[in-house]
Amino acid sequence: MKILVLNAGSSSCKYKLFQMEDQSVLCSGLVERIGDPNGGTLSHKIAPDTDKEEKIFLENPYPDHSVAILQVIKLITDPEKGVIKDLKEISVIGHRVLHGGFYQTAPALVDEKTKDTIRKAFPLGPLHNPANLTGIEVAEKLFPGVPNVAVFDTAFGMKMPREAYTYALPQDLCRELQIRRYGFHGTSHTYLVHRGAAFMKKDLKDFNCITLHLGNGSSLGCVKNGECIDTSMGLTPLEGLVMGTRCGSIDPAIVPYLIEQKGMTAQEVDTLMNKKSGLLGLCGKTDMRDIHKLADEENNEDAKLARTMLIRSIKKTLGAFFFLLGGKVDALIFSAGIGENDNIVRKGVLDGLEGLGIKLDEKLNNVRSGEERCISMPDSKPCVLILPTNEELQIALTAAEVLNAQ
Ligand code: ADP
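Keep in mind that this is a model prediction, so the values were computed, not measured.

(A) View of the overall build of the chain. Within the chain one finds 15 helices and 14 strands. On C-alpha atoms alone, the chain measures out to a radius of gyration of 22 Å, which is about the 22 Å that the 2.2 N^0.38 rule sets for 406 residues. By the burial criterion, 50% of the 406 residues in the chain qualify as buried. Within the chain, contacts between residues at least 6 apart in sequence are counted, and of these 60% link residues at least 24 apart. Roughly 19,500 Å² of accessible area belongs to the chain as shown, and the carbon and sulfur atoms make up 53% of that amount.

(B) Representation of the site of the ligand in the model. Near the ligand, the surroundings consist of 13 residues, among which N216, G217, M288, G337 and N341 are the closest. Residue G337 places a main-chain N or O atom 2.9 Å away from an oxygen atom belonging to the ligand. Note that a nitrogen atom of the ligand is positioned 3.5 Å from one of the side-chain N or O atoms of N341. Relative to its unbound accessible area of 580 Å², the ligand is 68% covered by the protein chains. Secondary-structure elements contributing two or more residues to the shell around the ligand are helix 10 (288-297) and helix 12 (336-341). Ranked by the residues each element gives to the shell around the ligand, the list is headed by helix 12, at 4 residues. A breakdown of the residues in the shell around the ligand according to their chemical character gives 3 nonpolar, 6 polar and 4 charged.

(C) Representation of the packing of helix 6 (residues 186-199) against helix 15 (residues 391-404). Taken N-terminus to C-terminus, the directions of helix 6 and helix 15 make an angle of 80°; their axes are 9 Å apart at the nearest point. By the angle between their directions, the pair helix 6 and helix 15 is classed as roughly perpendicular. The residues of helix 15 that touch helix 6, namely those facing T187, S188, T190 and Y191, are E391, L393, Q394 and I395. Of the residues assigned to the contact of helix 6 with helix 15, the class counts are 3 nonpolar, 4 polar and 1 charged.

(D) Region of the structure containing helix 1 (residues 65-76). Its 12 residues place the ends of helix 1 16 Å apart at the C-alpha level, agreeing with the 16 Å of an ideal helix rising 1.5 Å per residue. Counted residue by residue, helix 1 has 9 buried out of 12 residues, so it is predominantly covered. Considered for burial, the residues of helix 1 that qualify are H65, S66, A68, I69, Q71, V72, I73, L75 and I76. Near the N-terminus of helix 1, the side chain that reaches the backbone nitrogen of S66, with its oxygen 3.1 Å away, is that of D64.

(E) Up close: the nonpolar core. Ranked by internal contacts, the top residues of the largest apolar core, which has 36 residues, are I210, L212, L220, I314, L318, L332 and L350. Taken together, the elements giving at least two residues each to this core come down to strand 9 (209-214), strand 10 (218-224), helix 9 (278-283), helix 10, helix 11 (301-324), strand 12 (331-335), helix 13 (343-350) and strand 14 (383-386). For this core, the element with the most residues is helix 11, which contributes 8 residues. What I314 contacts, discounting residues up to four positions off in sequence, is L212, L214, L220, L241, V345 and V349.

(F) The arrangement of unusual backbone geometry in detail. The omega angle of the peptide bond from K381 to P382 is 5°, so this bond is cis rather than trans. Considering the arrangement of structural elements, one finds P382 in the loop between strand 13 (373-374) and strand 14. Although it is not a glycine, N299 adopts a positive phi angle of roughly 55°. You can call N299 partly exposed: its relative accessible area is 49%.

(G) How the structure looks around the sheet that holds strand 11 (residues 227-231). An order of 11-10-9-12-14-13 is seen for the 6 strands of this open sheet, with the pairing classed as mixed. Only two strands of the sheet have a single partner each, and these edge strands are strand 11 and strand 13. Pairing between strand 12 and strand 14: 4 bridges, direction parallel. Looking across to strand 14, one finds that L332 is bridged to V384. Packed on one face of the sheet, helix 11 meets strand 9, strand 10, strand 11 and strand 12 and runs near 10° to strand 10.

(H) Main features of the pattern of salt bridges. Counting across every chain of the model gives 24 salt bridges. For D206, the salt bridge identified is with K205, shortest N-O distance 3.8 Å. Of the residues examined, K205 reaches a relative accessible area of 54% and is grouped as exposed. When the shortest N-O distance is used, the salt bridge between K347 and D351 registers 3.3 Å. The class of K347 is partly exposed, set by a relative accessible area of 29%.

(I) The arrangement of the side chain of K115 in detail. Tracing the backbone shows K115 in helix 2 (residues 112-120). Residue classification places K115 among the buried positions, given a relative accessible area of 7%. Discounting chain neighbours no more than four positions away, the residues touching K115 are V110, L133, I136, E137 and E140.

Rules behind the numbers
- Residues numbered from 1 in each chain as written.
- Predicted model: local features only at pLDDT ≥ 70, side-chain atom pairs only at ≥ 80, totals over all residues.
- Heavy atoms only, no water.
- Helix = DSSP H or I, 4+ residues; strand = E, 2+ residues; numbered from the N terminus.
- Rg over C-alpha atoms; globule rule 2.2 N^0.38 Å.
- Buried < 20%, exposed > 50% of the residue type's maximum accessible area, 1.4 Å probe, protein only.
- Contact = heavy atoms within 4.5 Å.
- Areas by Shrake-Rupley, 256 points an atom, 1.4 Å probe, with all protein chains shown as cover.
- Near = heavy atom within 4 Å.
- Polar contact = N/O pair within 3.5 Å; in protein donor to acceptor, adjacent residues only side chain to side chain.
- Nonpolar A, V, L, I, M, F, W, Y, C, P; charged D, E, K, R; others polar.
- Axes fitted to C-alpha atoms, helices over the stretch in contact; angles between N-to-C directions.
- Parallel < 35°, antiparallel > 145°, perpendicular 65-115°, else oblique.
- Expected span 1.5 Å × (residues − 1).
- Core = buried A, V, L, I, M, F, W, Y, C linked by side-chain atoms within 4.5 Å.
- Pairing = 2+ DSSP bridges.
- Salt bridge = Lys/Arg side-chain N within 4 Å of Asp/Glu carboxyl O.

Below is the structure:
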């Protein structure tokens, strides 16, 4: 079974074609600057991680997603270098969709109703949902007869109990405007929970863990018996931890204060908090590698503060979730750019938690590897795991599940 995964953004489109029997990647790529009159780029990689690996860069104008995906199809089915002969070999296309809104609780086969759901959630995901829908509509046109499955990034959080997803605001207003905690990185958290349970040889329904997706955007997931019971992001990805350019949770009264004092518009405050804050706002850098360098080699106080605040915000949420689970936690699962690579942040987050049973093995923490691994002492409970996330594979697995359930 071959499954294509598409992640259409407003001016980009990522794709990956999986051979599901061994979960191998046949090819993958990215089209960027779609709609840019000066031209865009398509980078296509054949059979990554094998000796057949080959990269093709095409510098072309891609006026819209249709032209871009048509070019991808040409590469995939090329008689010489293509990885399939006929598009009909693709059993299903899995689409990443950011937001399912109030009512969409599960991944779904694409039909008019699903498309309508995606449309209705445009105000909740104004940058992503329209582009995700475009990707679906283009796929329907260019891959006739191949079913499409929408995999919602919010699906993971939709199972949270009411007391976790409700904001203490007037409830009529929340219902009217679909205001609730949704949570994001759902596909990644789902993947990590499944891999974590498999790694620890536990049944999903008996598996409690805290998933730490720490990248440029970061969120924590609190998982009891294999299901999400809380998550750090909220109505939008702005809530929660200090992130690369997002401020995370702050006193909401700062918003009207900024509007009153600086005459800022709502849009300007939104941009300030999403794009100019977080690590960037604290020290002028977003990448932890730069921040460690500034802090450790140049003794830069702003960089030290940014790092300390990032670690502290992760630790506070981790502590809250640990308590929600009554301390009965099988695994703490680190993932994404920072979670997988940054031993300093991991150590900072877990420092001083021996009294709770969390014992990091510093030697293992300092080993660099792309493998799934445990980095805690044998008697640590919970175990501390590093699991490289794989959102595309999770979308492919979910699409297969939805197709098989038909
Ligand atoms: P995104 O949210 O954009 O998907 P990623 O999960 O790719 O982000 O994470 C990107 C971030 O990961 C970078 O901004 C950087 O802070 C961090 N990162 C990546 N590699 C390393 C590394 N080797 N050491 C420390 N941090 C790293």
